[in-house]
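Observations on chain architecture
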Amino acid sequence: MTTPLLEVEDLGVAFTRKGEPDSVAVDGVSFDVQPGEVVGLVGESGCGKSVTSLAIMRLLPERGVRVSGSARMEGTDLLTLSDSAMREKRGRDLSMVFQDPLSSLNPVIEIGLQVTEVLKRHRGMKSDAARREAAELLERVGIPDPRRRLDSYPHQMSGGMRQRVMIAIALACRPRLLIADEPTTALDVTIQAQILELLKELVADSGTALVMITHDLGVVAGLCDRVNVLYGGRIVERAERHRLFAKPRHPYTYGLLGSIPRLDAPPGEDLNAIRGSVNDNLPWASACAFAPRCPRALEKCTEITPAPELVGGRFLRCHNPVPAEA
Amino acid sequence: MVTTWANRRRTRIDDLATGRSLGADALVRLRRNPVAIVGAVIIALFILVSIFAPWIAPHDASQAFPELQEGLRPDVIPGAQPGFPLGSDQNGRDFFSRMILASRQTLLVGVFATVIGLIFGVLIGVLAGAFGGWVDTLLMRFTDVLLSIPSLLLAISIAALAARPSQTTVIIAVAIVGVPIFARLLRGSMLAQRDSDHVTAATALGVKRRAIVLRHMVPNAIGPVIVQATLTLATAILDAAALSFLGLGDGDPARAEWGLMLANAQAYLDVRPALAFYPAIAIILVALGFTLLGEALREALDPKGRR
């Protein structure tokens, strides 16, 4: 195995408030990303996937947040880097695409300026060259008439186009790592497919590694090489995509896959939803957080924290996993 | 001024087709607002009159005319007569010319005081909003102190500090009153910007702090401040007039200034009320004009109005 591009180890994020117990959002999360690989972080709302990405990008507020562990990119720990060194890296070495493309673009300045800003900042380009390059970038992400579009304002573009622009900006300096935080959630289904296809193509072309954060298993199925499933701030299962979809072992993963509506299901059949909500979680410290919602929960699930194990190339955190041959 | 729903609908589609910036969009909505039109007309008239005052005024404002002075009695001040449309003032000068020329003083004081207040207010607001922490605390407590004193009282206190009251001291006093208002407003919207998605996105792209503040935060935060400036112009004019009225302005009796004219007219209220009436109406109209335009501007720039 080659040396990983990004190595997140024992990452923890807690929100602290005076007079109140810390609220732990991410707890001992470890995963790695190989150069050019597409890695998924999957889980429901509140499982800590966005906080993980913000922690790696160092975009969490400094006050009231405690970050522990490390996130090494090519040997440098991003979490202990100085602010100015981190500013140099952001946009150049690692970049991020956010969920809502409208609010992520500055509404009062033209698209062109927002693309050239990054080019000037990290690639030291002069105005004219940056503008030419910006038009090429917009063309590459499939924006028609890019030269004219440089003078458009964000509100004059459709949601899909704006997300294309965001992607163009994020990839403008050919970063080695791109974090995409639910980049298609705010878009409609047809546009979602286009954007995913575009992302897939671009990262494959440029050799950029992609961390895909999503709650949409369809996105994972079409895109990711390896998938991390998060629950309650911890990774409960990690496996290579085909293996995960073919044989989910953790009851949570199993439940997630089972809860997808199927067209070939007999009419009238109930959807297999996971019962309960994240509010039912137990603290990981002395139990499995998922136990109250788990159909396979044993007595010890509410008493002993399940230890992470490696089973046949698969990372698993469960006392009573779904049998492999089932 | 009645716009049918269908018409409005059509223009909106046109807007989308031509593709307008936020500012141009606001301008279109401003033009459709009768309140804005009224305000703009008043202000335009006022500005035109003050620019061309020496040409509009038929006479020298500081010169007393024998034919007017002749008519002056302790209980009579001559009214309109050929060549003097508004008659005489208490000193036998042409009242109409004085009214016209006084508009210059008002515009000058109002604009200078507002602009100076705006500059310092914006400076403080940007510093507080961009740095936060103790810088913010320090600057905001300072503005709190200024804001805790009623604005006119503050202006009077500052103007009274001056050794020799003059136009400049009036401008400075009125400007200082405006500073905390602008500072606080800008700081508030800067803070809102700091947590906005596009600022986070710009940070995630490694944009420098200075560029984030100046390019991504200030332009998005300045809107309400510009609107406030229009409204503050109205208060600045009122405050300046009040200072003159109270004798804290330039006391030179030859100078034509609405607030001062109003103060001097007091003694002749029962002899010739028109001497008080016209300057008062002028002050009210101009202040009203700026207030109307400011309110309309606020509506036009309000993102919730963009539908």
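For the structure given in this document, a descriptive report is provided here. Predicted model only: the values in this text are computed from it and were never measured.

When helices and strands are tallied, chain B shows 14 helices and zero strands. Along the first, second and third principal axes, the C-alpha set of chain B runs to 80 × 55 × 30 Å. Evaluated residue by residue, chain B yields a buried proportion of 44% over its 307 residues. For chain B, long-range pairs separated by at least 24 residues make up 73% of all intrachain contacts whose partners lie at least 6 apart in sequence.

Once that is clear, we can look at the overall build of chain A. Within chain A one finds ten helices and twelve strands. In terms of overall size, chain A behaves like a compact globule, its C-alpha atoms giving a radius of gyration of 21 Å where 326 residues would be expected to give roughly 20 Å. Looking at chain A as a whole, 44% of its 326 residues are labelled buried. Taking all contacts inside chain A whose residues are at least 6 apart in sequence as the whole, residues at least 24 apart take part in 64%.

Counting residues in each nonpolar core, the largest one holds 178 residues, and the members touching the most others are A:Ala168, A:Met212, B:Ala173, B:Val174 and B:Ile237. Setting aside chain neighbours within four positions, we find B:Val174 in contact with B:Val109, B:Ala113, B:Ala155, B:Ala236, B:Asp239 and B:Ala240.

Moving on, we come to the packing of helix α9 (residues 167-194) of chain B against helix α12 (residues 223-245) of chain B. Residues and elements named next belong to chain B. In contact at an axis separation of 10 Å, α9 and α12 are set at 155 degrees when each is read in the N-to-C sense. For the element pair α9 / α12, the angle class is roughly antiparallel. Two packed elements cross with a definite hand, and for α9 against α12 that hand is right-handed. Taking contact as the criterion, the partners of Val170, Ala173, Val174, Val177, Gly178, Ile181, Phe182, Leu185, Leu186 and Ser189 in α9 are, on α12, Pro224, Val225, Gln228, Thr232, Ala236, Asp239, Ala240 and Leu243. Split into classes, the residues belonging to the contact of α9 with α12 amount to 13 nonpolar, four polar and one charged.

Taken together, the contact pairs 18 residues of chain B with 27 residues of chain A. With six residues, helix α10 (residues 197-204) of chain B is the single largest residue contributor to the side of chain B that touches chain A. Of the residues contributing to the side of chain B that touches chain A, the split by class is six nonpolar, nine polar and three charged.

Attention shifts here to the environment of A:Met96. With respect to the element layout, A:Met96 can be found in strand β6 (residues 94-97). When the 28 C-beta atoms within 10 Å are taken as the criterion, A:Met96 is described as buried. Spatially, the C-alpha atom of A:Met96 lies 9.7 Å from that of A:Pro175, the residues being 79 residues apart in sequence. If we ignore the near neighbours within four places in the chain, the residues touching A:Met96 are A:Ser53, A:Met57, A:Ala170, A:Ile179, A:Asp181 and B:Ala204.

All names here are of chain A. Strand order in this open sheet of four strands is β2-β1-β4-β5, and the pairing throughout is antiparallel. The strands lining the two open edges of the sheet, one partner per strand, are β2 (20-33) and β5 (76-77). Pairing geometry for strand β1 (residues 6-17) and β2, over eight bridges, is antiparallel. In the sheet register, alanine 14 faces β2, and the bridge partner there is valine 24.

Attention now goes to helix α7 (residues 133-148) of chain B. All names here are of chain B. Helix length check: α7, at 16 residues, gives a terminal C-alpha distance of 22 Å against a target of 22 Å (1.5 Å per residue), a fit within 8%. Looking at α7, one finds that the buried residues are Leu139, Met140 and Thr143. Looking straight down α7, one finds its buried side chains confined to an arc of 100 degrees; they lie on one side. Relative to its buried face, α7 has exposed residues pointing more than 90 degrees away, namely Trp134, Thr137, Leu138, Arg141, Asp144, Val145 and Ser148. Where α7 is buried, its residues touch α6 (95-131) and α9.

Each value, and the rule that gives it
- Residues numbered from 1 in each chain as written.
- Chains lettered and ligands numbered in written order.
- Predicted model: local features only at pLDDT ≥ 70, side-chain atom pairs only at ≥ 80, totals over all residues.
- Helix = DSSP H or I, 4+ residues; strand = E, 2+ residues; numbered from the N terminus.
- Buried ≥ 20, exposed ≤ 12 C-beta atoms within 10 Å, placed from the backbone.
- Contact = placed C-beta atoms within 7 Å.
- Rg over C-alpha atoms; globule rule 2.2 N^0.38 Å.
- Core = buried A, V, L, I, M, F, W, Y, C linked by C-beta atoms within 7 Å.
- Axes fitted to C-alpha atoms, helices over the stretch in contact; angles between N-to-C directions.
- Parallel < 35°, antiparallel > 145°, perpendicular 65-115°, else oblique.
- Left-handed = near helix turned anticlockwise from the far one by under 90°.
- Nonpolar A, V, L, I, M, F, W, Y, C, P; charged D, E, K, R; others polar.
- Pairing = 2+ DSSP bridges.
- Expected span 1.5 Å × (residues − 1).
- Arc of directions from axis to C-beta.

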